[in-house]
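Residue-level listing of the chains:
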Amino acid sequence: MVMRTRAAWLPWALPAIVLVTVFFLAPFLLNVRFAFSSWTSFRAEITWNGLENVRTLIDQDLLANAVTVTVLYAILCMAIQNTVSLSLALALQRTSGINTVFRSAFFLPTLISPLAAGYIWRGLLAPDGAVNSFLGIEWAWLGEPSTALVVVAFIDAWKWSGLITLVYIAGLNSIPKSLLESATVDGAGPWTRFRRVVFPMLAPALTFNVAVTLVGALSAYDVIAATTGGGPGDHTRALNVVMRQQWGQGFFGSASALGFTVTLLVIATAVPLVWWLRRREVTG
Amino acid sequence: MRAVLKYTALTLFSIPWVLVPIWLVVVNSFKPSGEAAELGLGLPRTWAIAENYGIVLDRGGYLTGLLNSLKVTVPIVVAVVLLGAAAAWAFGRSRSRWLQAAYFVMGLSILLPPSIIPTVYLLRALSLDGGSLGYVLTMTGCRLGIVIFLATGFVRAFPPDLENAAAIDGASRPQVFVRILLPLLRPVLFVGGVILIINVWNDFFFALFLLQGSANATLPLSLFQFASGTLQSLNWNLVFAHVLLTTLPLVAVYIVAQKRVLAGLTEGALKG
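In this text, all values refer to a predicted model and were calculated from it rather than measured experimentally.

If you tally the helices and strands in chain A, you get 13 helices and two strands. Each principal axis of the C-alpha distribution contributes one length, and for chain A these read about 75 × 75 × 30 Å. Within the span of chain A, comprising 284 residues, buried residues form 53% of the whole. Approximately 12,200 Å² of chain A is accessible, and the part contributed by carbon and sulfur atoms is 67%.

Taken together, the contact between chain A and chain B spans 87 residues of the former and 91 residues of the latter. Of the roughly 7,900 Å² buried at the junction of chain A and chain B (both faces included), carbon and sulfur atoms supply 79%. If you look at where chain A meets chain B, you find zero salt bridges. Summed over the shared surface of chain A and chain B, the number is eight residue pairs in polar contact (both at pLDDT 80 or more). Class assignment for the residues of the side of chain A that touches chain B results in 63 nonpolar, 15 polar and nine charged.

We now examine the environment of Glu45 of chain A. All names here are of chain A. In this fold, Glu45 is placed in the loop between strand 1 (37-38) and strand 2 (47-48). The class for Glu45 is exposed, based on a relative accessible area of 51%. Note: C-alpha distance between Glu45 and Ala148 (103 residues apart in sequence) is 40 Å. Ignoring sequence-local partners within four residues, the contact set of Glu45 consists of Ser38 and Trp39.

To continue, consider unusual backbone geometry. Along the chain, Gly231 of chain A connects to Pro232 of chain A via a cis peptide bond; the corresponding omega equals -5 degrees. One non-glycine residue with positive phi stands out, namely Asp61 of chain A, at about 60 degrees. Even without a glycine there, the phi angle at Ser127 of chain B is positive, about 55 degrees. Mapping Ser127 of chain B onto the fold places it in the loop between helix 6 (116-125) and helix 7 (132-157).

Let us look at the UniProt feature "transmembrane region" (unreviewed entry) in chain A. Residue and element names in this part refer to chain A. Here, the residues flagged by UniProt with the feature "transmembrane region" (unreviewed entry) are residues 67-92, 104-121, 148-170, 197-221 and 251-277. Helix and strand shares over residues 104-121 are 89% and 0% respectively, and the end C-alpha atoms of the span are 21 Å apart. With 100% helix and 0% strand, residues 148-170 has its two end C-alpha atoms placed 33 Å apart.

Turning our eyes to something else, we now look at the pattern of salt bridges. Residue and element names in this part refer to chain B. For the coordinates displayed, the defined rule picks out four salt bridges over all chains. The partner of Arg45 in a salt bridge is Glu38, and the shortest N-O contact between them spans 3.0 Å. With relative accessibility at 61%, the residue Arg45 sits in the exposed group. Between Asp129 and Arg124 there is a salt bridge, with the nearest N and O atoms lying 3.9 Å from each other. Judged by relative accessible area, Asp129 falls into the partly exposed class, the value being 39%.

This brings us to the packing of helix 9 (residues 173-201) of chain B against helix 12 (residues 236-266) of chain B. Residues and elements named next belong to chain B. In the contact formed by helix 9 and helix 12, the axes pass within 10 Å of each other and the chain directions differ by 155 degrees. In terms of axis orientation, helix 9 runs roughly antiparallel to helix 12. Note that helix 9 runs across helix 12; the crossing there is left-handed. In this structure, helix 9 uses Arg186, Phe190, Val191, Val194, Ile195, Ile197, Ile198 and Trp201 to contact helix 12, whose residues at the interface are Thr246, Pro249, Leu250, Ala257, Arg260, Val261, Gly264 and Leu265. When its residues are assigned to classes, the contact of helix 9 with helix 12 shows 12 nonpolar, two polar and two charged.

Let us look at the nonpolar core. If you look at the biggest cluster of nonpolar residues, it comprises 180 residues, and the most contacted ones within it are Tyr73 and Tyr119 of chain A together with Phe91, Tyr135 and Phe209 of chain B. Excluding its chain neighbours within four sequence positions, the residues that come into contact with Tyr119 of chain A are Ala226 of chain A together with Leu223, Phe224, Ala227, Leu234, Trp236, Val239 and Phe240 of chain B.

Turning to a nonpolar patch on the surface, a few remarks are in order. All names here are of chain B. A cluster of nonpolar side chains, contributed by Trp23, Leu41, Leu43, Trp47 and Ile49, occupies part of the molecular surface with about 500 Å² of accessible area. Considering the arrangement of structural elements, one finds Leu43 in the loop between helix 2 (33-36) and helix 3 (49-58). The exposure class of Leu43 is exposed, given its relative accessible area of 58%.

Conventions and cut-offs
Residues numbered from 1 in each chain as written. Chains lettered and ligands numbered in written order. Predicted model: local features only at pLDDT ≥ 70, side-chain atom pairs only at ≥ 80, totals over all residues. Heavy atoms only, no water. Helix = DSSP H or I, 4+ residues; strand = E, 2+ residues; numbered from the N terminus. Buried < 20%, exposed > 50% of the residue type's maximum accessible area, 1.4 Å probe, protein only. Areas by Shrake-Rupley, 256 points an atom, 1.4 Å probe, with all protein chains shown as cover. Contact = heavy atoms within 4.5 Å. Buried area = accessible area lost by both parts, 1.4 Å probe. Salt bridge = Lys/Arg side-chain N within 4 Å of Asp/Glu carboxyl O. Polar contact = N/O pair within 3.5 Å; in protein donor to acceptor, adjacent residues only side chain to side chain. Nonpolar A, V, L, I, M, F, W, Y, C, P; charged D, E, K, R; others polar. UniProt positions renumbered as here; feature names shortened; annotations may be inferred. Axes fitted to C-alpha atoms, helices over the stretch in contact; angles between N-to-C directions. Parallel < 35°, antiparallel > 145°, perpendicular 65-115°, else oblique. Left-handed = near helix turned anticlockwise from the far one by under 90°. Core = buried A, V, L, I, M, F, W, Y, C linked by side-chain atoms within 4.5 Å. Patch = residues over 30% accessible without salt bridge, like charges linked within 9 Å, V, L, I, M, F, W, Y side chains within 5 Å.

Following this line, the structure appears as structure tokens:
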């Protein structure tokens, strides 16, 4: 029938294709050029300058630190978020009245903007704030180099954990009951069942969540802007934070180079990760 | 016994995880500035509700922010959901190699981070910089991918029999789309739409680069400007009042939609 031909389908996809091409793909390709171009507020003309932006960023000791901070931040975020969410999902897997109440409650932080989440935890973790008075200590969680990055990553994880929990619950519920029952019949205890049946069968949800949290955290900005602004010193100065600073100072080329570094990091982490997790998914 | 233990643990965990953060915001937004600076969890000794919220509404640019947020969120969500569903129909049914290549590019747009600096450059070249139209178009272009990806999987899981039968009965393509496709895709579009509302409503990063001037500022931008306006020490009572007012509209949406969002997500509407 006519509905199968290309001409008939194209108009339906065209608006989306145009919007994605112009507002996602074109900037993406332009970035490859700008990252290696001289472009500042002092000289509007954009000219190719090779690795000059990268060299300047390295000379200013900005790049290596930003990459380290960003990667550490992403790993911390991913680890905290997935540990909390998977634990909550295992506890709240069954759909029942009380579980729905808890699911709903744990989803609430997801509604709060990352910026607002930053302000809230900055208040809770202030030296004279509620957390310290509960623990009976006085510690500048966001002001000390040893804890600032972990705490900022924790706030990001806190904000997204509710959503990730629901994806894990969906994954858990898609595991066939018969598989668990036959494992039980074969004498597998709860821990063996989790390790041998549940965990491997969770692969699709795990792939999705690990990839999404890593990729999202590599682009971190909001929580840092609301809490530390990159400090103390440069301990939470992630790539996007430096990018914003360079942009604000009128170094557009360098800012593009930093944005491009985020893209490279995403490709370098997410692609092998998805590939590896997918392969595990197939072999079980 | 084990259940009692489990729910005790969950309740204990939910206190610092959910209750205390929310309580901190609410109670401190009722206190005068000096008292809120202590960041305590106790009830206000002096109540300053009207003053705080009055200042946020007046000086904090809340009402402008609310209008601006609505002005961008509604068109973005409508455009992404409708254009995404239409494209997903084409990608799910067509066997054209060109469309399959385009589908691959849509997939890339989910994984790769948007390039914000060239976007500013591009919008300037198109004379769309600084205003809400450029922002709406950019956000639509960057968020379409995920909805298309999820909905295409959904379309492919259904045989085209129903659509073909309707076409034979003389229904036009738009009629088939509205009467068959949209209802079919409703679960995935609903969940996708709610996640999108949360995402766009809370967006700060794009807004920071793409929206210029307080006349265009959305709520997260106005919160940031308001909080950064006082250097060093934040006026916690006002910041928290702003946070509460910014989050409330989403909480309202969530209360209305939560049953279907939770059910949709946990039954795997987002599987893939």
